[in-house]
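Each chain, written out:
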Amino acid sequence: MGNLLKVLTREIENYPSFFLDFENAQPTEGEREVWDQVNTVLQDSESILSGLQAYKGAGQEIRDAIQNPNDMTLQERAWNSVCPLVIKLKKFYSFSLRLEEALRSLLTSLTCPPLTPTQHLEREQALAKQFAEILHFTLRFDELKMRIPAIQNDFSYYRRTISRNRLNNMNLDIENEVNNEMANRMSLFYAEATPMLKTLSTATTNFVAENKTLPLENTTDCLSTMASVCKVMLETPEYSSRFNSEDTLLFCMRVMVGVIILYDHVHPNGAFNKSSKIDMKGCIKVLKDQPADNVEGLLNALK
C-alpha cells in the first residue's frame, strides 16, 4: 500500500516498483469467483463493438418508403431492412444490462471493508483491470455510437411502423423479440448521447444508494484512486515505458476519463469542485500532451 500512496502523493522517484498492470494482471484465488463472472461478460465485448462498427443503417430504404407511401414493395423493403437492425440494437442494449451487473459485482468487491479501496486496487489487480476494461469498452462503444445517427433514425421508423401496423391488426413476429415495453426501454437508451456511460453512471449511483451501510467515500475513493494512478502512469516515463503496447496508453487514458465521469456523477460536489480528490488540471494536461487525434473524443467527454 505504501507504494501506491507514494504514487498518489507524487513522491514516485523512490518508489518505482508500483505499477497497476493493465496488460498482465491475473486473478488470485480470492478474486477468481468475481473475475470469472465478469470475464463471461467481457468476452463478448469485442463482438459487440465489431457489430456496432459494421452497423449500416436502412436510411435509403426508409426514405424511399416515406416518399412513396402507397408503394407496398418499398414499404416491405424498408420494413425487412429495419427488422434485423432492431434485433441487433436489442443485442447491444441487452449487453448494457449485463455490463451493469458486472460493474456492480466489481464495485462490491473493490469497496468492501475491512480493506480500503486503495488496498483493494493494489492487491486485487485483476479485478481493477476488469473494471478498467469495462470503462475502456464503454467509451469505445459510445464514441462509435455518436458517429452513427442511423441508429436513432432506424429505431424511430421501426416504432412508427409497428404502431401503425398494430392499428391495422397485422401479426408482427418481431414483437416476440422487441415488444412495446422493450422498445420503450431501448428508445430511452439510444436517446442518450453516451448510452453505455449513462448506464454505468446510473449503476454506480444506484450502488451507492442501495448500500447505505457502506460509506460513500469507499466508492468515490475507489474512483479517484484509479484516476490518480492512471494519470501518474501516463505522465511518468518509468511507468509508461513498461507498457508492451502503445494501445495501453490509450486504454489508460480512456479509463482515467471514465472513472472521472463516474466520480462526477456519484460525488455530491462532482469531480471539478475544489474539494475533489481528483487532480483535474493534471488529468487534462496529461490528455492535452497526447496526440490530438487520440484524445479529442475524451476531452469532449469531460466537457
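All values reported here derive from a predicted model rather than from experimental measurement.

Criteria and thresholds
Residues numbered from 1 in each chain as written. Predicted model: local features only at pLDDT ≥ 70, side-chain atom pairs only at ≥ 80, totals over all residues. Heavy atoms only, no water. Helix = DSSP H or I, 4+ residues; strand = E, 2+ residues; numbered from the N terminus. Contact = heavy atoms within 4.5 Å. Core = buried A, V, L, I, M, F, W, Y, C linked by side-chain atoms within 4.5 Å. Buried < 20%, exposed > 50% of the residue type's maximum accessible area, 1.4 Å probe, protein only. Domains from an automatic or database assignment. Buried area = accessible area lost by both parts, 1.4 Å probe. Salt bridge = Lys/Arg side-chain N within 4 Å of Asp/Glu carboxyl O. Polar contact = N/O pair within 3.5 Å; in protein donor to acceptor, adjacent residues only side chain to side chain. Phe/Tyr/Trp six-rings, centres within 6.5 Å; stacked < 30°, edge-to-face > 60°.

**Quick look at the environment of Ala-25**
Part 1 of the reasoning: Locating Ala-25 in the fold gives a position in the loop between helix H1 (2-8) and helix H2 (29-42).
Part 2 of the reasoning: As for Ala-25 and Ala-126, which are separated by 101 residues in sequence, their C-alpha atoms are 4.9 Å apart.
Part 3 of the reasoning: Look past the residues within four positions of Ala-25 in its chain and what remains in contact with it is Gln-125, Ala-126 and Lys-129.

**A short note on the nonpolar core**
Part 1 of the reasoning: In terms of nonpolar packing, the biggest core is built from 93 residues, with Phe-22, Phe-131, Tyr-158, Met-226, Ile-260 and Leu-287 touching the most fellow members.
Part 2 of the reasoning: Here this core spans two domains, and each of domain 1 (26-193) and domain 2 (215-302) adds at least three residues to it.
Part 3 of the reasoning: Ignoring anything within four residues of it in the chain, the contact list for Phe-22 reads Ala-128, Lys-129, Ala-132, Met-226, Cys-230, Met-233, Thr-248, Phe-251, Cys-252 and Val-255.

**What to know about the domain arrangement of the chain**
Part 1 of the reasoning: Once the domains are mapped, the chain shows domain 1 (26-193) and domain 2 (215-302).
Part 2 of the reasoning: When each unit is reduced to the centre of its C-alpha atoms, the spacing between domain 1 and domain 2 is 25 Å.
Part 3 of the reasoning: For the pairing of domain 1 and domain 2, the buried interface totals around 1400 Å² over both sides, and the portion due to carbon and sulfur atoms is 80%.
Part 4 of the reasoning: We note a salt bridge from Glu-143 to Arg-254, for which the minimum N-O separation is 3.2 Å.
Part 5 of the reasoning: Between the two partners, domain 1 and domain 2, sit three residue pairs in polar contact (both at pLDDT 80 or more).
Part 6 of the reasoning: Counting residues per element, the ones that place at least two in the side of domain 1 that touches domain 2 are helix H5 (72-111), helix H6 (117-123) and helix H7 (125-146).
Part 7 of the reasoning: The biggest single contributor to the side of domain 1 that touches domain 2 is H7, with ten residues.

**Some points on the packing of aromatic side chains**
Part 1 of the reasoning: As enumerated under the stated definition, the model contains eight aromatic pairs in all.
Part 2 of the reasoning: Ring centres of Trp-79 and Tyr-158 lie 5.7 Å apart, and the angle between their planes is 5 degrees; this geometry places the pair in the stacked category. Of this pair, Trp-79 sits in helix H5 while Tyr-158 is found in helix H8 (residues 150-167), placing the two residues 79 residues apart along the sequence.
Part 3 of the reasoning: Using a relative accessible area of 1% as the deciding quantity, one classes Tyr-158 as buried.
Part 4 of the reasoning: Ring pairing ties together the aromatic residues Phe-92, Phe-95, Phe-137 and Phe-141, which thus form one cluster.

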